[in-house]
Amino acid sequence: MSFATVPPPTAATPQTEVAALVAQLQAISKAAIDAQAHLANVLLLGSFVPVPAFVEGTALTPAEVVANTPDDDEVQHYWVVLRGREPGLYRTVAGAQKQTHGVPHQHQARKTGRAEALAFYTANYPDHVKKWVEIEVPLPTAPAVTAPVVAASAVDASEPGWVDAQEDA
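Residues numbered from 1 in each chain as written. Predicted model: local features only at pLDDT ≥ 70, side-chain atom pairs only at ≥ 80, totals over all residues. Heavy atoms only, no water.

With respect to the overall build of the protein
Piece 1. If you tally the helices and strands in the protein, you get 4 helices and 5 strands.
Piece 2. In sequence order, the protein lays out its α and β elements as α-β-α-β-β-α-β-α-β.
Piece 3. Residues classed as buried in the protein amount to 22% of the 169 residues present.
Piece 4. Residue pairs at least 24 apart in sequence account for 72% of intrachain contacts in the protein once pairs closer than 6 positions are excluded.
Piece 5. Accessible area for the protein stands at about 11,800 Å²; split by element, carbon and sulfur atoms hold 60% of it. (Helix = DSSP H or I, 4+ residues; strand = E, 2+ residues; numbered from the N terminus. Buried < 20%, exposed > 50% of the residue type's maximum accessible area, 1.4 Å probe, protein only. Contact = heavy atoms within 4.5 Å. Areas by Shrake-Rupley, 256 points an atom, 1.4 Å probe, with all protein chains shown as cover.)

A few points about the packing of aromatic side chains
Piece 1. Applying the stated criterion to the full structure yields 1 aromatic pair.
Piece 2. Look at Y121 and Y125: their rings are 6.2 Å apart centre to centre, the planes differ by 20 degrees, and that puts the pair in the stacked class.
Piece 3. In this structure, K111 is placed above the aromatic ring of F120, and the distance from its NZ or CZ to the ring centre is 4.1 Å. (Phe/Tyr/Trp six-rings, centres within 6.5 Å; stacked < 30°, edge-to-face > 60°. Lys NZ or Arg CZ within 6 Å of the ring centre and 35° of its normal.)

Thoughts on unusual backbone geometry
Piece 1. Across the junction of Y125 and P126, the peptide omega takes the value -5 degrees, indicating a cis bond.
Piece 2. Secondary-structure assignment places P126 in the loop between α4 (114-124) and β5 (130-135).
Piece 3. If you check the backbone angles, H105 has positive phi at about 55 degrees while not being a glycine.
Piece 4. You can see H105 is positioned in the loop between α3 (93-100) and β4 (107-112).

A look at α4
Piece 1. Listing the buried residues of α4 in full gives R114, A117, L118, Y121 and N124. Buried residues in α4, looked at end-on, bunch into an arc of 135 degrees, giving them a common side. In α4, the exposed residues that point more than 90 degrees away from the buried face are A115 and A123.
Piece 2. Tucked inside the fold, the buried residues of α4 contact α2 (62-68), β2 (77-84), β3 (88-90) and β4. (Arc of directions from axis to C-beta.)

Focus on the side chain of T100
Piece 1. Residue position: T100 is located in helix α3.
Piece 2. If we ignore the near neighbours within four places in the chain, the residues touching T100 are V81, R83, R85, Q106, H107 and Q108.

Looking at the environment of V66
Piece 1. With respect to the helices, strands and loops of the structure, V66 is situated in helix α2.
Piece 2. Taking the C-alpha atoms as reference, V66 lies 9.3 Å from R114; in sequence the two are 48 residues apart.
Piece 3. Here V66 is in contact with R114 and L118, once residues within four sequence places are set aside.

As for the nonpolar core
Piece 1. Formed by A59, V65, V75, Y78, V80, L82, L89, A117, L118, Y121 and V129, the largest nonpolar core amounts to 11 residues.
Piece 2. Going through the elements one at a time, β2 and α4 are the ones with two or more residues in this core.
Piece 3. In contact with A59, other than residues within four places in its own chain, are E64, P87, Y121, Y125, V129 and K131. (Core = buried A, V, L, I, M, F, W, Y, C linked by side-chain atoms within 4.5 Å.)

As for the environment of D127
Piece 1. Tracing the backbone through its elements, the reader meets D127 in the loop between α4 and β5.
Piece 2. The exposed category is assigned to D127, whose relative accessible area is 60%.
Piece 3. Residues D127 and L82 lie 45 residues apart in sequence; the distance between their C-alpha atoms is 9.9 Å.

Some details on the side chain of T69
Piece 1. Structurally, T69 is set in the loop between α2 and β2.
Piece 2. Using a relative accessible area of 6% as the deciding quantity, one classes T69 as buried.
Piece 3. A distance of 2.9 Å separates a polar side-chain atom of T69 from the backbone oxygen of V65. (Polar contact = N/O pair within 3.5 Å; in protein donor to acceptor, adjacent residues only side chain to side chain.)

And the structure:
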């Protein structure tokens with residue numbers, strides 16, 4: 001439709017067109033806000049990799065380690081966990097690794113025999129023996145993104161910048 005074929009505006013036409021344009025602008029504004037919120041979620045949360053958080057707990061005393069570790073003549077090596085989820089003596093490397101995997105500043109050492117392992121634990125207690133307790137940290141959330149909504153009554157056809165489609169004279 002060209003400007004020459006546009007019918008002349010009636011008294012009701014401008015307000016109807018204004019209301020339609022305002023409705024379109026509101027829909028576009030809502031879509032833009034939704035897109036911005038989605039982008040914020042992707043940028044803030046999409047690249048966020050949760051990292052375990054740890055706080056220091058109370059490690060077992062050497063006497064408690066002795067009580068919790070029975071003497072086993074068949075075990076040749078013990079793994080001593082000094083810094084981990086549960087410091088102490090372990091009979092397998094898998095058991096020790098379970099206590100230290102992912103723990104900050106973890107430390108484990110292999111010792112020959114229970115006596116050597118207990119002596120190593122006792123020599124490092126309490127200065128170097130740390131129990132780390134894993135805590136859950138909630139994921140950050142994106143801030144709410146809002147924008148003002150333009151009411152249909154706020155647009156006036158008499159304001160500068162309003163252009164009517166008129167026939168060429």
